[in-house]
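Residue strings, one per chain:
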Amino acid sequence: MDERAALGLLGERLPAAGDDCAVVDGQVLTTDMLHETTDFPDGTTRYTAGWRAVGASLSDVAAMGADATAAVAVYGAPAFEESALLAFVDGASDVCDAVGAEYVGGDLDGHAEFTTATTALGRTDDPVRRSGASPGEAVCVTGTLGRSGAALELFEAGETERANELFRFEPRVRAGTALAPYATAMMDSSDGLARSLHQLCEASGCGVTVESPLPIDGAVDSVAADDQERLELGVFFGEDFELVCTVPEAKLSAAREAVPCPLARIGTTTAGGVTLDGESLPDRGYSH
């Protein structure tokens, strides 16, 4: 079975699962695993790997509208090289510092390829779930889309310095806590905007109509050969870790003023279906 089917199967057995984080006694908890061959292109520094891996888990905390408190990581590799290990820890620590959390350690493991598993913890008394949207609300996204897709193109072109910069995204923890009083549903866009919209609509029992222009990152324009590739990198590629949320029309202005980053309205929730500029938007995105 594919990842979606496996998650569905586990969701039947684990009622607390199914959102960006599990919620336990006022805390949110999430874990992620990344591998060198599938998640870190050639040229990715260990500093960037530490930042990105821990940042992915912190992004899940952000999607619940929670304050991030701490993170840990498992570092698995064929050998423990001092410079690589310390660079990884520096990246993990710095991304935690960027969102007011603390990197508190983890575990070491010998492994055939560089692999890391990360866990992040946050706190909230009122988590924002994926399931609260209803028809007639504004659909919004933080920041810009397509940074990771553009980074992959730059890695392949040998422009590793710029690619590493794009890979080091800032988890939207502050935006998530600012949106929490206004958002009816929220999740991160790690699987791509298109798939995230489908997942949010499925959880909330609604649809969404999206309209161009979308907030595609300028880096995409520098690497995309045409409009189709621009759409692919910005909407379907994923791994951007922005927040996708729904906000009642009456609260949209206040939400924009509260959020410490750009918050673009991209559409409106409907009774059913997911469309972009009047055409059906495929449920396609990043798959593990």
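The rules behind the values
Residues numbered from 1 in each chain as written. Predicted model: local features only at pLDDT ≥ 70, side-chain atom pairs only at ≥ 80, totals over all residues. Heavy atoms only, no water. 1 Å grid on protein atoms, 1.4 Å probe; cavity = no way out; pocket = protein on both sides within 12 Å on 5 of 7 lines; lining within 4 Å. Points joined across faces, edges and corners; volume = space filled by probe spheres on them. Helix = DSSP H or I, 4+ residues; strand = E, 2+ residues; numbered from the N terminus. Buried < 20%, exposed > 50% of the residue type's maximum accessible area, 1.4 Å probe, protein only. Polar contact = N/O pair within 3.5 Å; in protein donor to acceptor, adjacent residues only side chain to side chain. Contact = heavy atoms within 4.5 Å. Salt bridge = Lys/Arg side-chain N within 4 Å of Asp/Glu carboxyl O. Pairing = 2+ DSSP bridges.

## Notes on empty space enclosed by the protein
So, point 1. Within this structure, the stated rule accounts for one cavity of 30 Å³ or more.
So, point 2. The volume enclosed by the largest cavity comes to roughly 40 Å³.
So, point 3. Lining the largest cavity we find Val139, Leu197, Leu200, Cys201, Val208, Val244, Cys245, Thr246 and Thr269.
So, point 4. Listed by contribution, the elements that provide at least two residues to the lining of the largest cavity are helix H8 (193-204) and strand S9 (243-247).

## Here's the deal with the side chain of arginine 52
So, point 1. Tracing the chain through its elements places arginine 52 in helix H3 (residues 46-63).
So, point 2. When its relative accessible area of 1% is taken as the criterion, arginine 52 is described as buried.
So, point 3. Of note is the side chain of arginine 52, whose polar atom sits 2.9 Å from the side chain of serine 148.
So, point 4. Beyond its immediate sequence surroundings of up to four residues, arginine 52 is in contact with Ser148, Phe167, Phe169, Glu239 and Phe241.

## So, the pattern of salt bridges
So, point 1. This structure, assessed with the given rule, holds nine salt bridges.
So, point 2. The residue glutamate 232 makes a salt bridge to arginine 284 at a minimum N-O spacing of 2.7 Å. Of this pair, glutamate 232 sits in helix H10 (residues 227-236) while arginine 284 sits in the segment after strand S12 (279-280), and the two are 52 residues apart along the sequence.
So, point 3. Under the relative-accessibility criterion, glutamate 232 is labelled partly exposed at 28%.
So, point 4. Judged by relative accessible area, arginine 284 falls into the partly exposed class, the value being 34%.
So, point 5. Where salt bridges share partners, they join Asp19, Asp20 and Arg130 into one cluster.

## Some details on unusual backbone geometry
So, point 1. Omega for the peptide link from serine 212 to proline 213 comes to 5°, which places this bond in the cis form.
So, point 2. Mapped onto the elements, proline 213 comes out in the loop between strand S8 (207-210) and helix H9 (218-223).
So, point 3. Non-glycine residue glutamate 239 carries a positive phi angle of around 65°.
So, point 4. Looking at the element boundaries, glutamate 239 is found in the loop between H10 and S9.
So, point 5. For glutamate 239, a relative accessible area of 9% gives the class buried.
So, point 6. The phi dihedral of phenylalanine 241 falls on the positive side, at around 60°, and the residue is not glycine.
So, point 7. With respect to the helices and strands, phenylalanine 241 occurs in the loop between H10 and S9.

## Focus on the pairing of strand S10 (residues 263-270)
So, point 1. Across five bridges, the pairing between strand S6 (residues 138-142) and S10 is antiparallel. For alanine 138, the partnering residue across the bridge sits in S10 and is threonine 268.
So, point 2. Bridging between S8 and S10 involves four bridges; their strand directions are antiparallel. Residue pairing across strands places glycine 207 opposite threonine 270, the latter belonging to S10.

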